[in-house]
Amino acid sequence: MTRLADRTARISSSPTMKVTTTVDRLRRQGVDIIDFGAGEPDFGTPAHVSAAAHAAIDRDFTKYTPVAGIAELRRAICDRYRVDYGVEYKESEVIVSAGGKQALFNTALTLFNPGDEVITHAPYWPTLSEQAKLAEATPVLVRTSPEDGFAIRSDAILNAVTARTKGIIINSPCNPTGVLISEDDLAIIAQEAARRDIWVVVDLCYEKLIYDRTPHNVPAVLQRHCRDLAVICGSASKAYAMTGWRCGWTIAPAHVVAAQSAVQSHSTSNVSSITQQAALAALTGSQEPVTLMLNEYRTRRDNLCQWLAEDPRLGFCRPAGAFYLFVDVSGALSVDGFRTSADFAEALLNEARVAVTPGEAFDAPGFIRISYATSMENLREGSTRLLEFVAKHAPQAATA
Ligand SMILES: Cc1ncc(COP(=O)(O)O)c(C=O)c1O
C-alpha cells in the first residue's frame, strides 16, 4: 500500500472526541448513558443569536465573505475586548476562524518552524500539542501538580525555555483542570518573552466561564508587557453555546493576522457567512444569557464538588473556570480489576453507564475529567452512580 505522509504518524485523533463517539454509538443502541464526557454547553444557543442567523438566510447573506471575516464582526470582536478588558485593537489585528481550534491551528502554522520548541502546561487540552506537531515543532510540556492546585507557575514555564523556544501557549481557564493563570505569573512570562523574543499564545476559549472574582485580565497584561508578541485565541463556542456554529478568532499583530489570512484563504476561506451574522449578534447583543449560563454552571460546580467530597478516595481541586472537574481516582483503582484511569473510565461506562474522559487523554493518568455541562438531574444521577461504583470497587479503602 502506498504510504501516507509522515505527519499522519506524528499525531493521534482527539481522545476527547472518542468519548463523544462512543456515547453516540451506545445511545443509538438504546443504552441509557449519563454523559460527563461532552466538552460543550448543554444550553441552546441564545434566541437572538439564532434569529440573526435566520435573518441572514432570509436576506440571502449566503455568499463568500472576506477571508478574515466581515468588517462588522471584526469590529465587534475589538469592541467586546475593549469593553471586557479595556484593551484597544484594530480590525486589521483580528481574523475570524472556524472555532478557537482553527484560530489556534492557524497560529501554530504561522508562528512555528520545524525544530522550534513550543512550551505549554500539562495536564492539557491535547490539540495544543498536536497542532504544534502538525507545524513540525516540538511541544515541551511543563507539568502542573495537583498538590499545587495545578497552578501555572511562571518559574516552571520559564525554566523550560531554551535557545530553541519559539512560543509559549497558555490555556486559561484551563481544560481540563479549570485553573486560571494569575496575572502576576502571566506578567512575568510576558516580560521574559519580550526580552527573549518568544511568542505568547493564549487560548481564552473559556474566558467567559470564570466563577469567582479572580483577576484575569489576560489581554491587558499581554498588551502591557509583550503586545508585539501576543496572540489571543478566543471562541464563541463555550461562551454563547455555539459549538456547532464554528466561530472563533485570533487577535494578534497585523502581520500575524495577514499571514493567518493567507493560510486560511487556501484552506477553509471564510467562516460561514450565516455563522458570522450569528456571532455578531452574540457579541454585540445582550450578555445576559452568558451570565445566566455562568450562574447555572457555578451551582452545578458547587453541588458536584459537595457530592463527590463524600468519598475521600476521590480527590479534586475546586475549578475556578471552564466546566470540568478533574478528579484524582488513583485512590479508587481496584487492586485486582482496573489499574489505570483509562480502565476505570471504561468500567464506569460499561457497568454504571457513566461516560467520563480518562486523564490519559490530557496526559494525566490517574485522573478522570467530569464535564458538568449537563443538567442538574444528570449530575445528581451520574454522581450517585460514580460514588456507588467506587464504593463497590475499592472496598478496602472504604473501611480504612
Ligand atoms: C482548551 C480549548 N481550547 C479551544 C477549544 C476549541 O473550541 P472551538 O473550536 O469550538 O472554539 C476547546 C474545545 O473544546 C478547548 O477545550
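Everything discussed here concerns the structure shown above.
My aim in this report is to walk through the structure given alongside it, one point at a time. These figures come from a predicted structure and were not determined experimentally.

So, about the site of the ligand. Taken together, 13 residues are adjacent to the ligand, and G100, D203, S235, S237 and K238 come closest. Within the backbone of G100, one N or O atom sits 2.6 Å away from an oxygen atom of the ligand. At 2.8 Å, a side-chain N or O of N175 approaches an oxygen atom of the ligand. Starting from 390 Å² of accessible surface for the ligand in isolation, the protein chains cover 92%.

Here the focus is the layout of surface pockets. Counted as a void, the largest pocket has a volume near 620 Å³. Forming the boundary of the largest pocket are 30 residues, of which M17, G39, E40, K238 and T243 lie nearest the centre. With 6 residues, helix α2 (residues 15-28) is the largest single contributor of residues to the lining of the largest pocket. Looking at the lining of the largest pocket residue by residue, the classes come out as 8 nonpolar, 13 polar and 9 charged.

Tracing the backbone through its elements, the reader meets T165 in strand β5 (residues 165-171). A polar contact of 2.7 Å, which involves the side chain of T165, links it to the backbone nitrogen of T162. Residues contacting T165, with those up to four places away along its chain left out, are E117, I119, A160 and I198.

Calculation rules
Residues numbered from 1 in each chain as written. Predicted model: local features only at pLDDT ≥ 70, side-chain atom pairs only at ≥ 80, totals over all residues. Heavy atoms only, no water. Near = heavy atom within 4 Å. Polar contact = N/O pair within 3.5 Å; in protein donor to acceptor, adjacent residues only side chain to side chain. Areas by Shrake-Rupley, 256 points an atom, 1.4 Å probe, with all protein chains shown as cover. 1 Å grid on protein atoms, 1.4 Å probe; cavity = no way out; pocket = protein on both sides within 12 Å on 5 of 7 lines; lining within 4 Å. Points joined across faces, edges and corners; volume = space filled by probe spheres on them. Helix = DSSP H or I, 4+ residues; strand = E, 2+ residues; numbered from the N terminus. Nonpolar A, V, L, I, M, F, W, Y, C, P; charged D, E, K, R; others polar. Contact = heavy atoms within 4.5 Å.

The values reported here are purely geometric and, on their own, carry no functional implication.
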